[in-house]
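# Fold and geometry: a report
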Amino acid sequence: MSIIATIMNSTTGLAIQKMKFERMPKPWVTFHLETGEQVTADRVNVGKPAPGKFITPVEVWVTPKG
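This is a predicted model, so every value here is computed, not measured.

## Considerations on the nonpolar core
What tends to happen in soluble globular proteins is that the nonpolar side chains get buried as a cluster. Counting residues in hydrophobic clusters, the biggest one holds 13 residues, and the most contacted among them are Ile7, Phe21, Phe31, Val60 and Val62. Secondary-structure elements contributing two or more residues to this core are β1 (3-9), β2 (15-21), β4 (38-46) and β5 (58-62). Excluding residues within four positions of it along the chain, Phe21 makes contact with Ser2, Ile3, Ala5, Ile7, Phe31 and Val60.

Here it is as structure tokens:
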């Protein structure tokens with residue numbers, strides 16, 4: 001089952017993009033953004049699903065250099 005995570009900017013607090021992972025991302029995961037920039041996760045937040053939903057929100061916080 002794939003995990004769809006929102007990639008968040010640690011500096012601004014804004015969402016950068018959505019990304020699909022094959023399994024739950026680790027807090028030290030390194031990946032490339034759509035812009036081609038390589039980033040490492042600062043932290044991974046797993047939220048609670050909304051009432052009546054089963055999809056859990058996942059946020060991966062990164063600090064892009066550009």
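## Thoughts on the layout of surface pockets
Taken as a whole, the largest pocket encloses approximately 290 Å³ of empty space. Sorting the residues of the lining of the largest pocket by element identifies β1 and β5 as the ones contributing at least two each. With three residues, the top contributor of residues to the lining of the largest pocket is β1. Considered class by class, the residues forming the lining of the largest pocket number nine nonpolar, three polar and two charged.

## Re the environment of Val29
Looking at where Val29 falls in the secondary structure, it is placed in the loop between β2 and β3 (30-32). Sequence separation between Val29 and Val60 is 31 residues, and the spatial gap between their C-alpha atoms is 9.3 Å. Setting aside residues no more than four positions away along its own chain, Val29 makes contact with Val39, Thr40 and Ala41.

Thresholds applied
- Residues numbered from 1 in each chain as written.
- Predicted model: local features only at pLDDT ≥ 70, side-chain atom pairs only at ≥ 80, totals over all residues.
- Heavy atoms only, no water.
- Core = buried A, V, L, I, M, F, W, Y, C linked by side-chain atoms within 4.5 Å.
- Buried < 20%, exposed > 50% of the residue type's maximum accessible area, 1.4 Å probe, protein only.
- Helix = DSSP H or I, 4+ residues; strand = E, 2+ residues; numbered from the N terminus.
- Contact = heavy atoms within 4.5 Å.
- 1 Å grid on protein atoms, 1.4 Å probe; cavity = no way out; pocket = protein on both sides within 12 Å on 5 of 7 lines; lining within 4 Å.
- Points joined across faces, edges and corners; volume = space filled by probe spheres on them.
- Nonpolar A, V, L, I, M, F, W, Y, C, P; charged D, E, K, R; others polar.

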